[in-house]
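Residues per chain, in single letters:
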Amino acid sequence: MKMVINGEWVGSLSDRTYTVKNPANGEAVGPAPLGVRDDVKRAADAAEEALSRWGGTSSHHRGQILTRAAARIREQAEEIAIILTAEQGKPQREAIDEIRGTARVFEYYAGLSSNLTATVQHLEDGSEATVMREPIGVCGAIIPWNMPALLMAWKVGPALLTGNTVVLKPATATPLTPLMLAAALHDVGLPNGVLNVVTGSGDEVGEEIVRSKQIQKVSFTGSTQTGKRIMTLAAHDLKRLTLELGGSDPMIVCGDADIPKAVAGAVAGRFYNAGQICTAVKRLYVVDSVADQVIEQITEKVGQITIGDGMKPEVKMGPLSSLQGRESIRSVVRQVVDREEGRVIAGGELPQGDEYIRGNFYTPTLVTDVVPDSILLREEIFGPVLPIVRVKDLNEAITAANSTRYGLGASIWTSDLKTIRTAVSGLKAGIIWVNQHLKIPPEVPFGGVKESGVGRENGLQSLDAYTEAKTVLVRL
Ligand code: NAD
């Protein structure tokens, strides 16, 4: 597949391609162009050229294109989901959910098209103050491989609705799904140059997007480490930034929680997408009085997770996206065992059998008796490993939950309103779920505190994130 610059499907100026591989079996899914700096320049030129025309259309018109794109994506959901599973590894059911969720995000932004209004105030000196919101300009969007469709929509939806043009870089592992979505947007009439997709590495294409003087804003989703690098580079010309970074979400189960629901929530929250979600349940804190019950039920449920190629209907958990990712999980679990940082009570190994040999599979893993300074509780573990920690009470749970550098999401499971209030005010996170975890509807702002990010995506706040306020003071 080629990349899209100025509405044309082109190869890289480097003339080089690389092979996208299926993480379930190592087979080639297809070639993608290996973009270089000059490709970013071509894309930024096209985006700059398209800017005034696109920004000059009505928001109603832009919303209509998003509505049509959503319909097109829904029509093609199964076709796109097959490519998503092939390049990313997630089970088909999750891939279809993600593609439908992507359409839903475009529908949400289309629905906001009549909300782009200016405000007028009469001031005490008799002036009239109008505050308009203008597009920022050409926006760079850099996305990871774990949810390549949804995270593309979180950036492209509000950017296009508010009249910006975009240069997007997908992750090297998953360029094909974003390219199919870009094709769907062009099929329904998105003008040339408004959305350009340049495939290639983070070091070359990603950094050039951040360095380019033609690009005024960068919205990045990925690791905290890369986010810090981007912030340093962007400081050079004070580029606008939205950074959605890593997380180590705690889930707290209280003594009065609905235990079967909490158990189902923990298992889905940790093992969906093989644990590769920024807001996955990465640490489970359970109050002593129900800990044995919770551990027993989670162990039973985890034993029922069928691992395999995501194209097989019975498969509940696919491979990890990369061999490097799988090896990093493997070495973390080895460290935990070697240093006696916890006790592995399920998984903790590679699955056995011929069907797993060529894929990046790892068994769903549970670790109990985790020591407080274990790597499992300090760092973001981006794979199917769940540390379970017993706590005396809610206060101890909140203190432990807040004891990382991350602050993306957190959940509290209880039936008591007072407990909910205490947890909501005590937990340091951008989003707090009560008796659920993981769901992020497009209607609500999403983003992290501490080292989980800067700024918010989704919700009405995202309209501010893609516009600049321009104030006009009139005195006649
Ligand atoms: P990553 O930071 O390695 O890569 C993300 C993207 O940045 C990729 O497209 C990559 O090519 C590009 N990139 C890499 N180096 C770059 C550089 N120097 N300059 C510019 N671009 C560069 O992250 P990943 O491993 O692909 O994704 C996993 C991480 O993403 C996890 O930490 C996860 O928590 C986080 N994540 C966060 C959210 C959120 O909304 N907060 C959502 C999903 C994933």
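Summarised in this report is the structure supplied together with it. This is a predicted model, so every value here is computed, not measured.

**Describing the site of the ligand**
Near the ligand there are 28 residues, and of these I143, E207, T226, L245 and E380 occur at the shortest range. Between G222 and the ligand, the recorded distance is 3.3 Å, taken from a backbone N or O atom to an oxygen atom. In the environment of the ligand, an oxygen atom lies 2.9 Å from a nitrogen or oxygen atom belonging to the side chain of S223. When isolated, the ligand has an accessible area of 860 Å², and the protein chains bury 89% of it. Listing elements by their share of the shell around the ligand, those giving two or more residues are α7 (202–211), β10 (217–221) and α8 (224–235). Per-class residue counts for the shell around the ligand are 14 nonpolar, 9 polar and 5 charged. Looking at which domains feed residues into the shell around the ligand, each of domain 1 (3–245 + 450–474) and domain 2 (250–434) supplies at least three.

**Focus: the packing of helix α3 (residues 77–88) against helix α6 (residues 176–187)**
Two elements in contact, α3 and α6, have axes separated by 8 Å at closest approach and are oriented at 160 degrees. Comparing their axes, α6 and α3 come out roughly antiparallel. Facing E79, I80, I83, L84 and E87 of α3, the residues of α6 in contact are L176, T177, P178, M180 and L181. Of the residues that constitute the contact of α3 with α6, the class distribution is 7 nonpolar, 1 polar and 2 charged.

**Overview of a nonpolar patch on the surface**
The grouping of V472, V474 and L476 at the surface amounts to a nonpolar patch, some 310 Å² of accessible area in total. Along the chain, V474 turns up in strand β20 (residues 467–474). Taking relative accessible area as the criterion, V474 reaches 30% and is therefore assigned partly exposed.

**Some points on the packing of aromatic side chains**
In this structure the tally under the stated criterion is 4 aromatic pairs. Measuring from ring centre to ring centre gives 5.0 Å for Y108 and Y109, while their planes differ by 70 degrees; the resulting arrangement is edge-to-face. It is K217 that lies over the ring of Y466; its NZ or CZ is 4.6 Å from the centre.

**Details of helix α9 (residues 259–271)**
For α9, with 13 residues, the first-to-last C-alpha span of 18 Å sits near the 18 Å given by 1.5 Å per residue. The secondary structure elements touched by the buried residues of α9 are β12 (249–253), β13 (281–287), α10 (288–302), β15 (365–368), β16 (385–391) and β17 (409–413).

Reading guide: rules and limits
Residues numbered from 1 in each chain as written. Predicted model: local features only at pLDDT ≥ 70, side-chain atom pairs only at ≥ 80, totals over all residues. Heavy atoms only, no water. Near = heavy atom within 4 Å. Polar contact = N/O pair within 3.5 Å; in protein donor to acceptor, adjacent residues only side chain to side chain. Areas by Shrake-Rupley, 256 points an atom, 1.4 Å probe, with all protein chains shown as cover. Helix = DSSP H or I, 4+ residues; strand = E, 2+ residues; numbered from the N terminus. Nonpolar A, V, L, I, M, F, W, Y, C, P; charged D, E, K, R; others polar. Domains from an automatic or database assignment. Axes fitted to C-alpha atoms, helices over the stretch in contact; angles between N-to-C directions. Parallel < 35°, antiparallel > 145°, perpendicular 65-115°, else oblique. Contact = heavy atoms within 4.5 Å. Patch = residues over 30% accessible without salt bridge, like charges linked within 9 Å, V, L, I, M, F, W, Y side chains within 5 Å. Salt bridge = Lys/Arg side-chain N within 4 Å of Asp/Glu carboxyl O. Buried < 20%, exposed > 50% of the residue type's maximum accessible area, 1.4 Å probe, protein only. Phe/Tyr/Trp six-rings, centres within 6.5 Å; stacked < 30°, edge-to-face > 60°. Lys NZ or Arg CZ within 6 Å of the ring centre and 35° of its normal. Expected span 1.5 Å × (residues − 1).

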